[in-house]
Amino acid sequence: MTILTFSVLLFIFSIIAGLFGALTGLGGGVIIIPLLVLLFHTNIHYAMGASLISIIATSSGTAAAYLREGYTNLRIGMFLEIPAVIGAFLGALLIAVVPIHFLAILFSLVLFFSAYLTIRRKEEHETYLSSHPWAVALKLDGNYPSAHQMKSYHVQHVPAALAIMGVAGILAGLLGIGSGTLKVLAMDQALRLPYKVATTTSNFMIGITAAVSAGIYFSHGFINPLICFPVMIGVVLGSFFGAKILTKTKNRALRILFSIAICLIGLQMLYHTLTGPI
Amino acid sequence: MLTNKNMQERIGLVLLLGTCISVGIALIGSTLYLIQHGSEIISVPMLQSSTYDLSVVQILDATKLLSPIGIIEFGLLALVITQIIRVITLVWLYLKANDYIFTGINLFILLILLYSLFRV
């Protein structure tokens, strides 16, 4: 295969990964890594590096549109970034000493867990009248546009969300993923934010967490420009189209279908790891 | 007093501009690379074990020589630097709003970002 053919193929598959990632809400990273390892036979470290770069590009490129809509809560995002960036920093440092097989197995487990959360997700929870004391002190409460007027929300269980963000950060650094599913879990289930606020704030945070890991990945030599470039452009384009389609489709059935596909990819990844060199 | 909406729009603008510039730079580098090397056969080490410029200084040196790989690397680096600029913008906006707790939080995140990228 010539380099040109390789780049074009990788570009096309990355568009599909980005599309798929946006439609499931899992993000392009968890899909591009098995794709690179299983189909293109790249080193898993390069796959993780390319995934990180594409995540930064996607998060930054789409944040502008979300910020304009007024759902993103910057204060919550930046406050929760504290444990997330510490985790991402430690996770990316650990990568040099953790065996590759362990990374691949951990990655498969994250895929299964993400698929489970995606299927299980409930859209709305009850309204709270008061907030967690830390949320009051840091003025984390906010409001968001709904059908007729701005609706306000009260933030719950801040310490639990901080803990989940720390774990999300470590996984993000260790596996080169955005950990969007866990970030959304922290804000949706612990802080009890409206779902759209949780997803847009998570999207805003992902770029910063990924940039911390990327700094360290550069120094390990895991950022391979030949692989990163087609992946970055492809995933950004795919996510963009995915977000457009998403607003027009009912996505419950799609989500279940995709979750099954994600589990199959996870199984394939496990099989590949356990039966041979990766 | 700066409104929240105003702040969000400025941050959004920084991000969009930064992403477009970074992707643009990487696009130039890869076009040059594909023109020069596109017809070569892809080798196993390229996907498995080759190493590239590891530090910011090395990447900048390669970029100065206008090597296509160096230009792509610079574009990827610019994407990371965009995140640094986003946090600097947040520090500045919170400082202007006299919100010292959040100025501190953002400064801390900025330090970790800078340290992870520039540490030797």
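One structure accompanies this document, and this report is about it. (Residues numbered from 1 in each chain as written. Chains lettered and ligands numbered in written order. Predicted model: local features only at pLDDT ≥ 70, side-chain atom pairs only at ≥ 80, totals over all residues. Heavy atoms only, no water.)

## Let's talk about the side chain of Asn203(A)
All names here are of chain A. Here Asn203 is to be found in helix H9 (residues 195–220). Owing to a relative accessible area of 14%, Asn203 belongs among the buried residues under this scheme. Contacts of Asn203, omitting those with residues within four sequence positions, involve Ser59, Thr62, Ala63 and Tyr66. (Helix = DSSP H or I, 4+ residues; strand = E, 2+ residues; numbered from the N terminus. Buried < 20%, exposed > 50% of the residue type's maximum accessible area, 1.4 Å probe, protein only. Contact = heavy atoms within 4.5 Å.)

## Brief notes about the packing of helix H2 (residues 29–39) of chain A against helix H11 (residues 252–275) of chain A
Residues and elements named next belong to chain A. At a minimum axis distance of 11 Å, the contact between H2 and H11 shows a crossing angle of 40°. One way to sum up the angle between H2 and H11 is to call them oblique. H11 is crossed by H2, and the crossing has left-handed handedness. Residues Ile31, Ile33, Pro34, Val37 and Leu38 of H2 pack against Ile262, Ile265, Gln268, Met269 and His272 of H11. (Axes fitted to C-alpha atoms, helices over the stretch in contact; angles between N-to-C directions. Parallel < 35°, antiparallel > 145°, perpendicular 65-115°, else oblique. Left-handed = near helix turned anticlockwise from the far one by under 90°.)

## Some remarks on the pattern of salt bridges
If you walk through the whole model with that rule in mind, you get two salt bridges over all chains. Between Lys196(A) and Glu69(A) there is a salt bridge, with the nearest N and O atoms lying 3.2 Å from each other. One end of the pair, Lys196(A), is in helix H9; the other, Glu69(A), is in helix H3 (residues 44–69), and 127 residues separate them in sequence. Here Arg75(A) ties to Asp99(B) by a salt bridge, and the two come within 2.8 Å at their closest N and O atoms. Of this pair, Arg75(A) sits in helix H4 (residues 74–94) while Asp99(B) is found in the loop between helix H4 (68–96) and helix H5 (100–118), placing the two residues in two different chains. Residue Arg75(A) shares its accessibility class with Asp99(B), and that shared class is buried. (Salt bridge = Lys/Arg side-chain N within 4 Å of Asp/Glu carboxyl O.)

## Some details on the interface of chain A and chain B
If you look at the interface, chain A gives 56 residues, while chain B gives 56 residues. Summing both partners gives a buried area of about 4800 Å² for chain A against chain B, and 73% of it is carried by carbon and sulfur. Where chain A meets chain B, there are one salt bridge. On the surface where chain A and chain B come into contact, there are nine residue pairs in polar contact (both at pLDDT 80 or more). (Buried area = accessible area lost by both parts, 1.4 Å probe. Polar contact = N/O pair within 3.5 Å; in protein donor to acceptor, adjacent residues only side chain to side chain.)

## Details of the nonpolar core
Residue and element names in this part refer to chain A. By size, the foremost hydrophobic cluster in this structure holds 126 residues, and its most contacted members are Leu80 and Met232. Per-element tally for this core: the top contributor is H9, with 14 residues. Not counting chain neighbours up to four residues away, the residues in contact with Leu80 comprise Ala161, Leu162, Met165, Met187, Leu191 and Met205. (Core = buried A, V, L, I, M, F, W, Y, C linked by side-chain atoms within 4.5 Å.)

## A look at the environment of Leu38(A)
Residue and element names in this part refer to chain A. Looking at where Leu38 falls in the secondary structure, it is placed in helix H2. With 187 residues separating them in the primary sequence, Leu38 and Pro225 have C-alpha atoms 19 Å apart. Those residues in contact with Leu38, other than ones at most four positions away along the chain, are Gln268, Met269 and His272.

## Remarks on H3(A)
Residues and elements named next belong to chain A. Look at H3: 37 Å from first C-alpha to last across 26 residues, which is about the 38 Å you get at 1.5 Å a residue. Taken as a whole, H3 carries its principal kink of about 40° at Ala63. Among the 26 residues of H3, 21 are classified as buried, and the element is accordingly described as predominantly covered. N-cap assignment for H3: the residue whose side-chain oxygen lies 2.8 Å from the backbone N of His45 is Asn43. Where H3 terminates, the next one or two residues include Gly70, which has phi positive at roughly 85°. (Expected span 1.5 Å × (residues − 1). Bend = angle between axes of the 7 residues up to and from the residue.)

## Description of empty space enclosed by the protein
Throughout the structure, instances matching the rule amount to two cavities of 30 Å³ or more. Here the largest cavity defines a volume of roughly 70 Å³. Along its surface, the largest cavity is lined by Ile3(A), Ser7(A), Pro225(A), Leu226(A), Phe229(A), Pro230(A), Ser30(B), Tyr33(B), Leu34(B) and Ile72(B). Elements with a minimum of two residues in the lining of the largest cavity: helix H1 (3–24) and helix H10 (225–246) of chain A together with helix H1 (4–37) of chain B. Sorting elements by how many residues they give to the lining of the largest cavity places H10(A) first, with four residues. By residue class, the composition of the lining of the largest cavity is eight nonpolar, two polar and no charged. Empty space within the second largest cavity amounts to approximately 40 Å³. Around the second largest cavity, the lining residues are Ile3(A), Phe6(A), Ser7(A), Leu226(A), Ile227(A), Ile42(B), Met46(B) and Leu47(B). Elements that contribute at least two residues to the lining of the second largest cavity include exactly H1 and H10 of chain A together with helix H2 (44–48) of chain B. At three residues, the largest contribution of residues to the lining of the second largest cavity is made by H1(A). In the lining of the second largest cavity, the residues fall into seven nonpolar, one polar and no charged. (1 Å grid on protein atoms, 1.4 Å probe; cavity = no way out; pocket = protein on both sides within 12 Å on 5 of 7 lines; lining within 4 Å. Points joined across faces, edges and corners; volume = space filled by probe spheres on them. Nonpolar A, V, L, I, M, F, W, Y, C, P; charged D, E, K, R; others polar.)

All we've got here are geometric facts, nothing functional implied.
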